[in-house]
Amino acid sequence: MWPTLLFGLLIASIAGWIFTTWYQALRIRKLERSHEEIQVEETLVFDFLHGLGEAFRETIRPGELHRLIVEGATRVLDAQGGALYVSDRTGAKLTPAFISSGCPPLVDVPANVLQQATITPVALESFLRSRTVSPGDGMLGRVWQTGQSVCLNELSEAPELAKLRGTAFSTESMMAASLRYGQQDLGVLAMANGRDGAPFSQSDFVIFKSIAEQSAFALYNAIIYSMANEKKRLDHDLEIARDIQRILLPAEAPAINGFEISGINVPARQVSGDYFDYIRVDDERLGVAIADVSGKGVPASLIMAICRSVLRTEAARNPSPADVLRKVNRQLYPDIKEDMFISMAYLILNHEDHGVTLARAGQDAPLLYKRQAQSVTPVKSPGMVVGIDSGNVFDRLTSDFAVPLEPDDCLLLYTDGVTEALNTEGDEFGLDRTAESVRASANGGAPAIVKRVIEDVRTFSGANPQNDDITLIAIRKR
């Protein structure tokens, strides 16, 4: 009896050892396979992230980035297909940015489109690529609206997808995540499996949410890159515009018998809405113009260029500044927008009799420095701005005005960028400070006046940035 019992125990021990060894070997193989799967997933995720990083080594087109995100996520998750919807410029709806081939429909599809798609598959593709999504519209719209990621293997929460079950276009399992970075809603990323795909697991969902976070960061960076490149392009265009404008403005004042002239233009931005010019009227006369277009930047500079062309055409051989301004107003009035206008002053210097004739169209009154009295007073000739009246009122108000100048007297033409310059406390430079600058520098001649006014304005403004274009023309009678 004892030998039989011992033999049975031995057999049982051997059997137990064999089972244990087999079971351990099975567990080891499972762990090895699990480890291999994890390594594969890690490699796929790393490749996905590496691909996103490499995309920004050079400027990437938005379409390429969208494709990279969807196809990369599809590979990592072994999904049948995926789609990326991005927010439009208004932020009111989602537009399809990239839908991979083979991706089941993720939005509600009309019956007539499904019927047509059974014959012509491209009909469904065309519909999906044009179908926008509003907040709350289907599962994608709800994910976008709430910002909550979802993993659905049972589609009762998505009736627009559940109704396709049993058809060739069915979505059996899907994941969707809102792409948000900071305070920006950038879009929705979705992955889907059809009838032939396995349901997504919770492990897949965890990986998918990580992919969505990195994708949102990549899309945000792409926007920043795009904005930076656009700014660089605009800056380049503005540099060209500034160079062209420098050509349009006089580089130096012409020499004219009996007068000394100095002028300068200091833009507040790359291009200026201010304008000054010296125009040869005839053998005896020189026209001097200063103008300020309402507003700043490119729109104002374009109006300034038009004004220059018209003024130069009308000034030729016309000895009346007022008549020139009347003709300029008639030509520009039909083309100037209602919220724009041009303030101008135009005077003619006659080097034969040393006379000065001024006409003013809303421009700040020039400052007249009288050497003998050491006084500075504004020359308030009548006139209204160019571009707000067709001519009936403008023509009546605009007239020639003789400016009496004795030797060493000076006249300063300026735009409101001088008098309205602000300091750090919000105070304006003003007319009194401008007049004092003229009085303090007039003995040095026209260039000294221009230099002193600019220096005084900059000292007054301090660290406060220039808020408007500045243009000055100083004229001294010899």
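Residues numbered from 1 in each chain as written. Predicted model: local features only at pLDDT ≥ 70, side-chain atom pairs only at ≥ 80, totals over all residues. Heavy atoms only, no water.

Participant: Help me out: how do you make sense of the pattern of salt bridges in this one?
Facilitator: Between side chains of opposite charge, a pair can form as their charged atoms come close. Inspection of the entire model under this criterion finds 16 salt bridges. A salt bridge links Glu260 to Arg476; its shortest N-O distance comes to 3.6 Å. Note that Glu260 is positioned in strand 6 (residues 259-266) and Arg476 in strand 15 (residues 470-477), a separation of 216 residues in sequence. When sorted by exposure, Glu260 lands in the same class as Arg476, which is buried. Residues Asp277 and Arg312 are paired through a salt bridge, measuring 2.7 Å at the closest nitrogen-oxygen approach. Taken together, the positions of Asp277 in strand 7 (residues 274-280) and Arg312 in helix 8 (residues 297-315) put the pair 35 residues apart, joining distant regions of the chain. Exposure remark for Asp277: the relative accessible area of 1% places this residue in the buried category. Residue classification places Arg312 among the partly exposed positions, given a relative accessible area of 34%. One network of salt bridges, with partners in common, ties together Glu64, Arg67 and Glu71. (Salt bridge = Lys/Arg side-chain N within 4 Å of Asp/Glu carboxyl O. Helix = DSSP H or I, 4+ residues; strand = E, 2+ residues; numbered from the N terminus. Buried < 20%, exposed > 50% of the residue type's maximum accessible area, 1.4 Å probe, protein only.)

Participant: I keep staring at the pairing of strand 8 (residues 285-293) and nothing clicks. Help me out?
Facilitator: Note on strand geometry: in a regular strand, side chains alternate between the two faces of the sheet. Most of strand 8 is tucked away, with 8 of its 9 residues classed as buried. Where strand 7 folds back onto strand 8 in an antiparallel hairpin, the turn is made up of 4 residues. Here 9 bridges tie strand 8 to strand 9 (residues 342-350), and the two strands are oriented antiparallel to one another. Looking at strand 9, one finds that Gly287 is bridged to Ile348. (Pairing = 2+ DSSP bridges.)

Participant: I'm lost on the layout of surface pockets in this one. Help?
Facilitator: Regions of empty space are outlined by a rolling probe, equal in size to a water molecule, passed over the atoms. Its boundaries defined by the atoms lining it, the second largest pocket holds a volume of some 390 Å³. Lining the second largest pocket are 20 residues, with Gly102, Cys103, Pro104, Leu124 and Phe169 sitting closest to its centre. With 4 residues, helix 4 (residues 122-130) is the single largest residue contributor to the lining of the second largest pocket. Of the residues contributing to the lining of the second largest pocket, the split by class is 10 nonpolar, 6 polar and 4 charged. (1 Å grid on protein atoms, 1.4 Å probe; cavity = no way out; pocket = protein on both sides within 12 Å on 5 of 7 lines; lining within 4 Å. Points joined across faces, edges and corners; volume = space filled by probe spheres on them. Nonpolar A, V, L, I, M, F, W, Y, C, P; charged D, E, K, R; others polar.)

Participant: I would appreciate a short explanation of the sheet that holds strand 15 in the present structure.
Facilitator: Strand-to-strand pairing in sheets goes through backbone hydrogen bonds, with the strands running parallel or antiparallel. Strand order across the open sheet formed by 5 strands is 6-15-14-11-12, with antiparallel pairing between neighbours. Every interior strand has two partners, whereas the edge strands, strand 6 and strand 12 (375-378), have only one. Direction aside, neighbouring strands of the sheet carry axes that sit 15° apart on average. Packed onto the sheet, helix 12 (residues 430-441) meets strand 11 (367-370), strand 12 and strand 14 (410-414) and runs at close to 35° relative to strand 11. (Axes fitted to C-alpha atoms, helices over the stretch in contact; angles between N-to-C directions. Contact = heavy atoms within 4.5 Å.)

Participant: How do you make sense of the side chain of Ser178 when you look at a structure like this?
Facilitator: Its location among the elements puts Ser178 in strand 4 (residues 173-181). Here Ser178 falls in the buried class, since its relative accessible area comes to 12%. With residues up to four places along the chain from it excluded, the contact list for Ser178 reads Val143, Trp144, Gly147, Gly187 and Val188.

Participant: What is the right way to read the side chain of Asn350 from this model?
Facilitator: Mapped onto the secondary structure, Asn350 falls in strand 9. In this structure Asn350 comes out as buried when scored by relative accessible area, which is 10%. A polar contact is formed between the side chain of Asn350 and the backbone nitrogen of Glu352, at a distance of 2.8 Å. Leaving out residues up to four positions away in the same chain, Asn350 has contacts with Phe259, Glu284, Arg285 and Gly355. (Polar contact = N/O pair within 3.5 Å; in protein donor to acceptor, adjacent residues only side chain to side chain.)

Participant: Mind showing me how you'd approach the pairing of strand 10 (residues 355-361) here?
Facilitator: Where burial is concerned, most of strand 10 is hidden: 5 out of the 7 residues are buried. As paired elements, strand 9 and strand 10 share 6 bridges and run antiparallel to each other. If you follow Leu349 over to strand 10, its bridge partner there is Val356. Taken together, the 2 bridges between strand 10 and strand 13 (residues 401-402) define a ladder with antiparallel strand orientation. Within strand 13, the position partnered with Thr357 by the bridge is Ala402.

Participant: I keep staring at a negative patch on the surface and nothing clicks. Help me out?
Facilitator: The grouping of Glu420, Glu425, Asp427 and Glu428 at the surface amounts to a negative patch. With respect to the helices and strands, Asp427 occurs in the loop between helix 11 (416-419) and helix 12. With a relative accessible area of 42%, Asp427 lands in the partly exposed category. (Patch = residues over 30% accessible without salt bridge, like charges linked within 9 Å, V, L, I, M, F, W, Y side chains within 5 Å. Areas by Shrake-Rupley, 256 points an atom, 1.4 Å probe, with all protein chains shown as cover. Lys, Arg positive; Asp, Glu negative; His and termini not counted. Charge placed at Lys NZ, Arg CZ, Asp CG, Glu CD.)

Participant: Which parts of the structure should I look at to understand the environment of Met139?
Facilitator: Along the polypeptide, Met139 turns up in helix 5 (residues 138-146). Residue Met139 is classed as buried on the basis of its relative accessible area of 5%. Residues Met139 and Leu161, 22 residues apart in the sequence, show an inter-C-alpha distance of 8.7 Å. If we skip the residues at most four places from it in the chain, Met139 touches Val150, Leu152, Glu157, Ala158, Glu160 and Met174.

Participant: Before we go on, may I ask you to explain the packing of aromatic side chains in this structure?
Facilitator: Pairs of aromatic rings are described using the distance from one ring centre to the other and the angle between the two planes. One pass over the structure, following the stated rule, counts 4 aromatic pairs. Note on Phe429 and Phe460: the rings are 5.5 Å apart at their centroids and 70° apart in plane angle, and the pair reads as edge-to-face. Of this pair, Phe429 sits in the loop between helix 11 and helix 12 while Phe460 sits in helix 13 (residues 446-461), and the two are 31 residues apart along the sequence. Among the residues examined, Phe460 registers a relative accessible area of 17% and is labelled buried. The structure contains a cluster of three or more aromatic residues connected by ring pairs, namely Tyr181, Phe217 and Tyr220. (Phe/Tyr/Trp six-rings, centres within 6.5 Å; stacked < 30°, edge-to-face > 60°.)

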